[in-house]
Amino acid sequence: MTRTQRGVLLYGPPAAGKDTVTQALSCLDPNFQLFSRLKAGPGRSAGYRMATQEQLDELRRAGSVVYENARYDSTYVTDRPGLDDAFAAGVPVMHLGQVDGVQAVLSGYAAGWLTVLLWCPREVTEARSIGRGDADTPARLAAWDATQADLNTNPDFRFDMVIRTDATSPEQAAEQINRALTAPRGQMLMIDLDDTLIDRLTAVTSWVAQYCTEHCLGPEPEQRMLDAMRVRTDLSVFEILCTELSLPEAANELWARYEKELAELVRPFPGVPEALAAARDSGDQVIVVTNGGGPIQRAKIATSGIADVVDAVCISEEIGTRKPHAGIFEAAAVAASRDLSQGGWMIGDNAELDIVGGRGAGLRTIWISHGRPWPGGPEPDFIAETALDALAHARGGPR
């Protein structure tokens with residue numbers, strides 16, 4: 001399963017509107033389809049995939065039962081193969097009457113589930129059951145009582161949404177669910193690239209050493225190049241170095257070589273790709289926010305594997321503004337279909353660009369120290385030794 005798969009879990013007492021809300025969802029968007037649970041036993045067959053006890057036993061032996069329960073002299077099963085087919089076909093809408101069932105599906109089948117409690121008073125359940133001609137209204141009322149008791153037994157469980165169907169039409173409920181399902185989830189994590197996610201300094205040091213060895217340059221020119229390129233490197237830096245050190249290539253030739261070769265040398269800090277993937281899998285949106293040229297930054301992001309585990313990339317050259325100006329953070333939020341007013345984090349190793357800039361944009365900030373003392377000025381919300389520490393704090397801190 002992938003985090004992009006979305007599904008809806010509708011929980012509520014009998015006659016709370018699970019069927020009518022599901023129909024309204026399907027009318028709103030045909031991708032919404034009722035997930036038909038397997039059922040073995042008497043009574044209604046509409047909305048179920050009827051099965052024999054032998055077939056259920058086979059699913060149990062195969063470990064393919066996500067959740068099962070017994071009610072109305074029947075057994076109801078949520079099965080893994082059925083869910084696989086449902087997600088392949090669209091957005092499944094599952095009806096459940098037990099909090100244990102909701103929790104079992106959340107933990108047993110990885111997807112972007114939206115949990116919705118559809119609620120109506122007991123007298124509404126009674127009136128609706130009688131009105132639709134149910135022959136077992138007393139049993140429905142007993143189930144309403146059981147649902148209330150189930151909620152009382154699980155006071156710590158929180159649904160993503162609670163909709164009172166005695167005060168909300170099915171169409172209104174469907175609109176609310178659709179908006180909630182498609183809205184961005186989790187928090188916004190803006191993260192610097194160079195010397196935050198990837199070890200740029202080590203790559204630059206290696207490139208300068210290789211270049212100086214190739215051209216028989218001594219330790220002093222090598223140190224001068226490294227000092228000039230340590231924090232930021234662009235064509236203007238090479239123009240200065242070519243003039244000062246009488247380097248054999250023209251500045252534009254050396255810049256083109258550097259763009260290609262440095263990208264092949266950069267590596268992510270240990271554990272960073274896995275930590276970014278975990279943040280995304282939990283629903284957070286990860287956006288790289290970096291100063292620099294588009295081609296070289298995108299090449300570094302691609303070769304380091306960072307491109308595969310982030311939601312968006314925002315590069316200063318491509319949008320026409322640099323950190324610490326608020327415009328780059330605004331553009332990063334838009335790239336993630338967000339707004340700065342929703343808040344989030346800016347994580348980086350540069351006190352001015354990342355921390356001052358992030359604070360100015362209204363974001364909480366984490367400074368990557370790499371063992372350095374804080375240089376002074378308005379402090380970040382948290383100081384972390386590494387990007388892994390920073391991500392752990394952001395994901396565990398207040399939302």
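Scope of this entry: the structure provided in the associated data block.

Considering the overall build of the protein chain
No. 1: Secondary structure summary: the protein chain contains 17 helices and 15 strands in total.
No. 2: Taking the principal axes of the C-alpha coordinates as reference, the protein chain spans close to 95 × 45 × 35 Å.
No. 3: Of all 399 residues assigned to the protein chain, the portion counted as buried reaches 47%.
No. 4: Taking all contacts inside the protein chain whose residues are at least 6 apart in sequence as the whole, residues at least 24 apart take part in 65%.
No. 5: Carbon and sulfur atoms provide 52% of the accessible area of the protein chain, an area that totals close to 18,200 Å².

Examining the pattern of salt bridges
No. 1: Tallying each qualifying case throughout the model produces 20 salt bridges.
No. 2: Glu214 is paired through a salt bridge with Arg257; the nearest N and O atoms lie 2.5 Å apart. Within this pair, whereas Glu214 is found in helix α8 (residues 200-214), its partner Arg257 is found in helix α11 (residues 251-265), the two being separated by 43 residues in sequence.
No. 3: Exposure remark for Arg257: the relative accessible area of 22% places this residue in the partly exposed category.
No. 4: Residue Glu261 pairs with Arg257 through a salt bridge whose shortest N-O separation is 3.0 Å. Of this pair, Glu261 and Arg257 are both found in helix α11, four residues apart, which corresponds to roughly one turn of the helix.
No. 5: Within this structure, Glu214, Glu249, Arg257 and Glu261 form a network of salt bridges that share partners.

Description of helix α17 (residues 387-396)
No. 1: Along α17, the residues classified as buried are Ala387, Ala390, Leu391 and Ala394. All buried residues of α17 fall inside an arc of 95 degrees around its axis, so they share one side. Turned more than 90 degrees away from the buried face of α17, the exposed residues are Ala392 and Gly396.
No. 2: If you follow the buried residues of α17, they end up packed against β10 (188-191), α12 (272-281), β13 (345-348), β14 (364-368) and β15 (382-384).

A word on the sheet that holds strand β11 (residues 285-290)
The strands making up a sheet are joined through hydrogen bonds of the backbone, oriented either antiparallel or parallel.
No. 1: Within the open sheet, the six strands sit side by side as β12-β11-β10-β13-β14-β15. Their pairing is parallel. The sheet is open, and its two borders are formed by β12 (312-315) and β15, each paired with just one other strand. Ignoring which end each strand starts from, the neighbouring axes of this sheet average 20 degrees apart.
No. 2: Relative to β15, β14 runs parallel, the two sharing three bridges. If you follow Ile366 over to β15, its bridge partner there is Phe382.
No. 3: Running at roughly 150 degrees to β12, helix α13 (residues 294-303) makes contact with β11 and β12 of the sheet.

Topic: helix α10 (residues 235-245)
No. 1: Within the span of α10, buried status applies to Val237, Phe238, Leu241 and Cys242. Projected onto a plane normal to the axis of α10, the buried residues spread over an arc of 130 degrees and lie on a single side.
No. 2: Where α10 ends, the next residue or the one after it, Ser246, has phi of about 50 degrees, a positive value.

Considering the side chain of Asp234
No. 1: With respect to the element layout, Asp234 can be found in the loop between α9 (219-229) and α10.
No. 2: Classification of Asp234 by relative accessible area gives buried; the value is 19%.

Calculation rules
- Residues numbered from 1 in each chain as written.
- Predicted model: local features only at pLDDT ≥ 70, side-chain atom pairs only at ≥ 80, totals over all residues.
- Heavy atoms only, no water.
- Helix = DSSP H or I, 4+ residues; strand = E, 2+ residues; numbered from the N terminus.
- Buried < 20%, exposed > 50% of the residue type's maximum accessible area, 1.4 Å probe, protein only.
- Contact = heavy atoms within 4.5 Å.
- Areas by Shrake-Rupley, 256 points an atom, 1.4 Å probe, with all protein chains shown as cover.
- Salt bridge = Lys/Arg side-chain N within 4 Å of Asp/Glu carboxyl O.
- Arc of directions from axis to C-beta.
- Pairing = 2+ DSSP bridges.
- Axes fitted to C-alpha atoms, helices over the stretch in contact; angles between N-to-C directions.

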